[in-house]
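Notes for the structure review
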Amino acid sequence: MNKKKLLILALSLISLTTNSQNKWFQDVKLSGYGMIQYQGQDKKDAETNTFGLRLARVALDGRSHDHFYWKVQMQINGNTHEKMAIRLVDLFGEWQKFDFFKVKAGQFKRPFTFENPMHPITQGFMSYSQNVSKLAGFSDRTGEQPSNGRDIGIQIQGDFLKVNGRNILHYQVGVFNGEGINTKDNDNRKDIIGGIWVAPIEGLRIGAFGWTGSRAGIGEKNRYAISAEYAKNDWTFRSEYIHSQGYGEDKTKGDKADGIYALCIAPILKNKFHVKARYDLYRDQKSWGTSKTFYEIGADYLFTKNLQLNLEYARVNERTTKGEYNYNLVDVELDIRF
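Remember, it's a predicted structure, so these values are computed and weren't measured experimentally.

This next bit is on the overall build of the chain. When helices and strands are tallied, the chain shows 2 helices and 16 strands. Across its three principal directions, the C-alpha atoms of the chain cover 85 × 50 × 50 Å. The buried share of the chain, taken over its 338 residues, is 43%. A separation of at least 24 residues holds for 53% of the contacts in the chain among residues at least 6 apart in sequence. Within the structure as shown, the chain displays about 17,600 Å² of accessible surface, and the carbon and sulfur contribution to it stands at 60%. For the chain, the distance from the average position of its 47 positive side-chain charges to the average position of its 38 negative side-chain charges is 6 Å.

Shown next as structure tokens:
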């Protein structure tokens, strides 16, 4: 084959590859955000006063071929003493041809609670609630690695019963390793997690979630959550109760835990300036002697849709500490999106 024919063949292959990529990869988007934080507390014998980088994320997502969505997301933690300062948090694809039946596979958020899948900025407060953090896979009670509420598995979900152009019923159920992100199943027993909610009026949803599974070295875990949220006209009210049965990393602390939070975010200037309050309780052994409660108030201001300033004050009651149970905490965050 002469050079001319080789050149024609090479150009033809490039053309075919380009056309194929145009069909398979559409609307590819690069995005991300960073959260810069100052936090101080006067807890006895554990005072802090520090600036920090809460986290930064970079994501690439898009659509490929017909009705297929994909996403890859990396996270960089400011706390570089952690075992995984840089980690892969999302890597999944989802077939989305039908509203009532979608299939997702890979590493992604566990389908447990309303708050878990929310964006860290739009979630509204200086951190996810304690019950979600401890019982949905952020800093989980079982001692699994910090996983930002995610796991590896496969899930189906959908919306149906459309009334006046709005679906009023949603379901989701998945099968997961049960070990958190970037980890194989170490006990060959899968976690099954699911939820269902109804949306009887615009802005309101009421749901229930269940989770059964196990973790290597810890044993069985069974959890449920009851959730309610009303979000409309820039107002948000949300509350969730979570109950867990199953030993944590320290088996001397019993096999039950629970927690509840209730919050309100109210607009002073719509989509610009908000005030907020949250009651956040977690009981590591489902007893008041092991409770930790945050009474929080705060505000946020959006300079632009990509730049937000947050200020919070919390009075904390921590019953497991010796002597002084109460202390104060202040959190200031600057959130940047791109």
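With that settled, consider the packing of aromatic side chains. Enumeration over the complete set of coordinates arrives at 18 aromatic pairs. An angle of 70 degrees between the planes, with centres 6.2 Å apart, marks the rings of phenylalanine 112 and phenylalanine 209 as edge-to-face. Of this pair, phenylalanine 112 sits in the loop between β5 (101-109) and α2 (130-135) while phenylalanine 209 sits in strand β9 (residues 204-215); the two residues are 97 residues apart in sequence, bridging distant segments of the chain. Across this residue pair, the class does not change: phenylalanine 112 and phenylalanine 209 are buried. Between phenylalanine 114 and phenylalanine 209, the aromatic rings sit 5.7 Å apart at their centres with planes inclined by 85 degrees, giving edge-to-face as the arrangement. Of the two residues, phenylalanine 114 sits in the loop between β5 and α2 while phenylalanine 209 sits in strand β9, which places them 95 residues apart along the sequence. Counting every residue linked through ring pairs, the aromatic cluster contains Phe112, Phe114, Trp197, Phe209 and Trp211. Positioned above the aromatic ring of tryptophan 197, the side-chain terminus of arginine 205 is 5.2 Å from the ring centre.

What follows deals with the side chain of glutamate 296. Along the chain, glutamate 296 falls in strand β14 (residues 291-304). A distance of 2.9 Å separates the side chain of glutamate 296 from the side chain of arginine 278, its partner in a polar contact. Sequence-distant contacts of glutamate 296, defined by excluding residues within four places in its chain, comprise Phe125, Met126, Lys276, Ala277, Arg278, Asp280, Glu312, Tyr313 and Ala314.

This structure, assessed with the given rule, holds 18 salt bridges. Among the ionic pairs, arginine 189 bridges to glutamate 220, the shortest N-O distance being 3.6 Å. With arginine 189 in the loop between β7 (166-176) and β8 (191-198) and glutamate 220 in strand β10 (residues 219-232), this pair connects stretches of sequence that are 31 residues apart. Relative accessible area serves as the criterion here: at 49%, glutamate 220 is assigned to the partly exposed category.

Residues Phe112, Val132, Phe209 and Ile242 are the most contacted members of the largest nonpolar core, which totals 24 residues. Of all the secondary structure elements, the ones that give two or more residues to this core are α2, β8, β9 and β12 (256-269). If one sorts the elements of this core by residue count, β12 sits on top with 4 residues. If near-sequence neighbours (up to four positions away) are discounted, isoleucine 242 is found in contact with Phe112, Thr113, Asn131, Val132, Leu135, Tyr224, Ala225, Ala257, Asp258 and Gly259.

This part is about the environment of aspartate 61. Topologically, aspartate 61 is positioned in strand β2 (residues 48-64). Classification of aspartate 61 by relative accessible area gives buried; the value is 11%. The sequence separation of aspartate 61 and serine 31 amounts to 30 residues, and the corresponding C-alpha distance is 8.4 Å. Apart from the residues within four sequence positions on either side, aspartate 61 is in contact with Asp27, Val28, Lys29, Tyr69, Trp70 and Lys71. A distance of 2.8 Å separates a polar atom in the side chain of aspartate 61 from a polar atom in the side chain of tyrosine 69.

This part takes up the pairing of strand β4 (residues 86-98). Across 9 bridges, the pairing between strand β3 (residues 68-77) and β4 is antiparallel. The residue bridging isoleucine 76 from the neighbouring strand is isoleucine 86, located in β4. Two successive antiparallel strands, β4 and β5, enclose a turn made up of 2 residues.

Here the focus is the environment of isoleucine 218. Within the secondary structure, isoleucine 218 sits in the loop between β9 and β10. Measuring from C-alpha to C-alpha, the distance between isoleucine 218 and aspartate 42 comes to 35 Å, with 176 residues separating the pair along the chain. Once residues lying within four places of it in the same chain are set aside, the contact partners of isoleucine 218 are Thr142, Tyr247, Gly248, Glu249 and Lys251.

Time to look at a nonpolar patch on the surface. Together, Phe68, Trp95, Phe98, Phe100, Phe101, Phe160 and Leu161 make up a nonpolar patch on the protein surface, roughly 600 Å² of accessible area in all. Counting residues per element, the ones that place at least two in the nonpolar patch are β4 and β6 (150-163). On the secondary structure map, leucine 161 appears in strand β6.

Both β2 and β3 contribute to a ladder of 10 bridges, which runs antiparallel. Bridge pairing in β3 links glycine 62 to tryptophan 70. The turn joining β2 and β3, which pair antiparallel and follow one another in sequence, is formed by 3 residues; a positive phi near 55 degrees is taken by histidine 65.

Conventions used here
- Residues numbered from 1 in each chain as written.
- Predicted model: local features only at pLDDT ≥ 70, side-chain atom pairs only at ≥ 80, totals over all residues.
- Heavy atoms only, no water.
- Helix = DSSP H or I, 4+ residues; strand = E, 2+ residues; numbered from the N terminus.
- Buried < 20%, exposed > 50% of the residue type's maximum accessible area, 1.4 Å probe, protein only.
- Contact = heavy atoms within 4.5 Å.
- Areas by Shrake-Rupley, 256 points an atom, 1.4 Å probe, with all protein chains shown as cover.
- Lys, Arg positive; Asp, Glu negative; His and termini not counted.
- Charge placed at Lys NZ, Arg CZ, Asp CG, Glu CD.
- Phe/Tyr/Trp six-rings, centres within 6.5 Å; stacked < 30°, edge-to-face > 60°.
- Lys NZ or Arg CZ within 6 Å of the ring centre and 35° of its normal.
- Polar contact = N/O pair within 3.5 Å; in protein donor to acceptor, adjacent residues only side chain to side chain.
- Salt bridge = Lys/Arg side-chain N within 4 Å of Asp/Glu carboxyl O.
- Core = buried A, V, L, I, M, F, W, Y, C linked by side-chain atoms within 4.5 Å.
- Pairing = 2+ DSSP bridges.
- Patch = residues over 30% accessible without salt bridge, like charges linked within 9 Å, V, L, I, M, F, W, Y side chains within 5 Å.

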